[in-house]
Amino acid sequence: MLHRIALFIALFSFSSLTFAVEVGDIAPPFEGVDEVCANVSFPAVIDGKPTVMVFWATWCPYCKAFMPFLEDIQKDYGTDKINVVLINHKERGAGDPAAYTKTLNFEQVSVMEGDSIGDAYSVDFIPGLMIAGADGRIAWKRKSTDLPAGQKVGEFWDMKVREQLDKMLVAN
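In this report, we go over the structure that sits alongside the text. (Residues numbered from 1 in each chain as written. Predicted model: local features only at pLDDT ≥ 70, side-chain atom pairs only at ≥ 80, totals over all residues. Heavy atoms only, no water.)

### Things to note about the pairing of strand S1 (residues 30–33)
Heads up, the rule is: Note on classification: 1.4 Å probe, protein chains only; a residue is buried when its accessible area is under 20% of the maximum for its type, exposed when over 50%, partly exposed between these limits. The helix count covers DSSP runs of H or I at least four residues long, the strand count covers runs of E at least two residues long, and both are numbered beginning at the N terminus. When DSSP finds two or more bridges between a pair of strands, those strands are recorded as paired.
The side-chain alternation of S1 yields one buried face, formed by Phe-30 and Gly-32, and one unburied face, formed by Glu-31 and Val-33. Sheet topology places S1 next to strand S2 (residues 39–42); 4 bridges connect them, and they run antiparallel. Bridge assignment links Gly-32 to a residue of S2, and that residue is Val-40. Connecting the antiparallel pair S1 and S2 is a turn made up of 5 residues, with Cys-37 showing a positive phi of about 70°.

### Some details on the environment of Ala-98
Heads up, the rule is: What makes two residues a contact is simply this: any of their non-hydrogen atoms within 4.5 Å.
As for its position among the elements, Ala-98 is in helix H3 (residues 97–103). It is 8.2 Å that separates the C-alpha atoms of Ala-98 and Val-36, two residues lying 62 residues apart in sequence. Apart from residues no more than four positions distant in its own chain, Ala-98 is found in contact with Glu-35 and Met-112.

### Observations regarding the side chain of Arg-162
Formally: Polar contact is the term for a pair of N or O atoms within 3.5 Å; when the atoms are in protein, one must be able to donate a hydrogen and the other to accept it, and sequence-neighboring residues count only if both atoms are side-chain atoms.
Along the chain, Arg-162 falls in helix H5 (residues 151–171). By relative accessible area, Arg-162 is classed as buried at 19%. Only 2.8 Å separates the side chain of Arg-162 from the side chain of Asp-76, close enough to count as a polar contact. Engagement of the side chain of Arg-162 in a polar contact is seen with the side chain of Asp-158, the distance being 3.0 Å. Once residues lying within four places of it in the same chain are set aside, the contact partners of Arg-162 are Asp-72, Ile-73, Asp-76 and Tyr-77.

### A few points about the layout of surface pockets
Quick note on the threshold: Think of a 1 Å grid over the protein atoms and nothing else: a 1.4 Å probe that fits but is trapped marks a cavity, an open set flanked by protein within 12 Å on at least five of seven lines marks a pocket, and residues with an atom within 4 Å of a point count as lining. Grid points are joined across faces, edges and corners, and a volume is the space filled by probe spheres set on the points. Ten residues, namely Ala, Val, Leu, Ile, Met, Phe, Trp, Tyr, Cys and Pro, are considered nonpolar, four, namely Asp, Glu, Lys and Arg, are considered charged, and the remaining ones, Gly among them, are considered polar.
The computed volume of the largest pocket comes to approximately 410 Å³. Lining the largest pocket we find 19 residues, and of these Leu-129, Lys-141, Arg-142, Lys-143 and Ser-144 sit closest to its centre. Of all the secondary-structure elements, those providing two or more residues to the lining of the largest pocket are strand S6 (128–132), strand S7 (138–141) and H5. Classifying every residue of the lining of the largest pocket by side-chain character gives 10 nonpolar, 3 polar and 6 charged.

### Observations concerning a negative patch on the surface
Note the threshold: Patches draw on residues past 30% relative accessible area with no salt bridge. Two like charges within 9 Å are joined, as are two nonpolar side chains (Val, Leu, Ile, Met, Phe, Trp, Tyr) within 5 Å. Only the protein chains shown count as cover for residues, and all accessible areas are computed by the Shrake-Rupley method using a 1.4 Å probe. Within this document, salt bridges are pairs made up of a side-chain nitrogen of Lys or Arg and a carboxyl oxygen of Asp or Glu, the two lying within 4 Å of each other. In this charge count, Lys and Arg are treated as positive and Asp and Glu as negative; neither His nor the chain ends contribute. One atom stands in for each charge, and that atom is NZ of Lys, CZ of Arg, CG of Asp or CD of Glu.
Among the surface-exposed residues, Glu-113, Asp-115, Asp-119 and Asp-124 lie close enough to one another that they form a single negatively charged patch. For Asp-119, the location among the structural elements is in helix H4 (residues 115–120).

### Observations regarding the sheet that holds strand S5 (residues 109–111)
Heads up, the condition is: Between N-to-C directions, angles cover 0 to 180 degrees, with each direction set by a line fitted to C-alpha atoms, over the stretch in contact for helices.
Within the open sheet, the 5 strands sit side by side as S5-S4-S3-S6-S7. Their pairing is mixed. Edge positions in the sheet fall to S5 and S7, since each has one partner strand and no second. Along the sheet, successive strands turn relative to each other by an average axial angle of 20°, direction set aside. Both strand S3 (residues 51–56) and strand S4 (residues 83–88) contribute to a ladder of 6 bridges, which runs parallel. Following the sheet pairing, Thr-51 is matched in S4 by Asn-83.

Rendered as structure tokens:
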């Protein structure tokens, strides 16, 4: 009897684990709402293009450091070649994400109140930064860094995102 209980507990514990989305995995589908309450559906938003996905919050200094670089990435590659999807995650009432996204000077799809999406992707730290390929698979995911928030970390992530986008776009 004790063996059955132990087996049940072990199976239940294992089934409730959340596994991080890793490179090569199919990106989990999601439904969200943008800043004007329009539906955003993933993977439909990919629309056959590599998609830079950023899980962010208004209070995050690393997110703020990367946004100008993301603007340059979007402008350099163009909306005909890539998408940018911003998913507000871990905001915790600290700011106004809709107002913030309106200040951005580049085309992006913004998902408000994306905590459940971030949880589905196992994003524990922000910015969660990854690129989904045109096929919906995660092609790149940022690793942690010891760099402080600011110019250097923004430049570092900019370089990594561009390297991956270049590989993906040459392959198409």
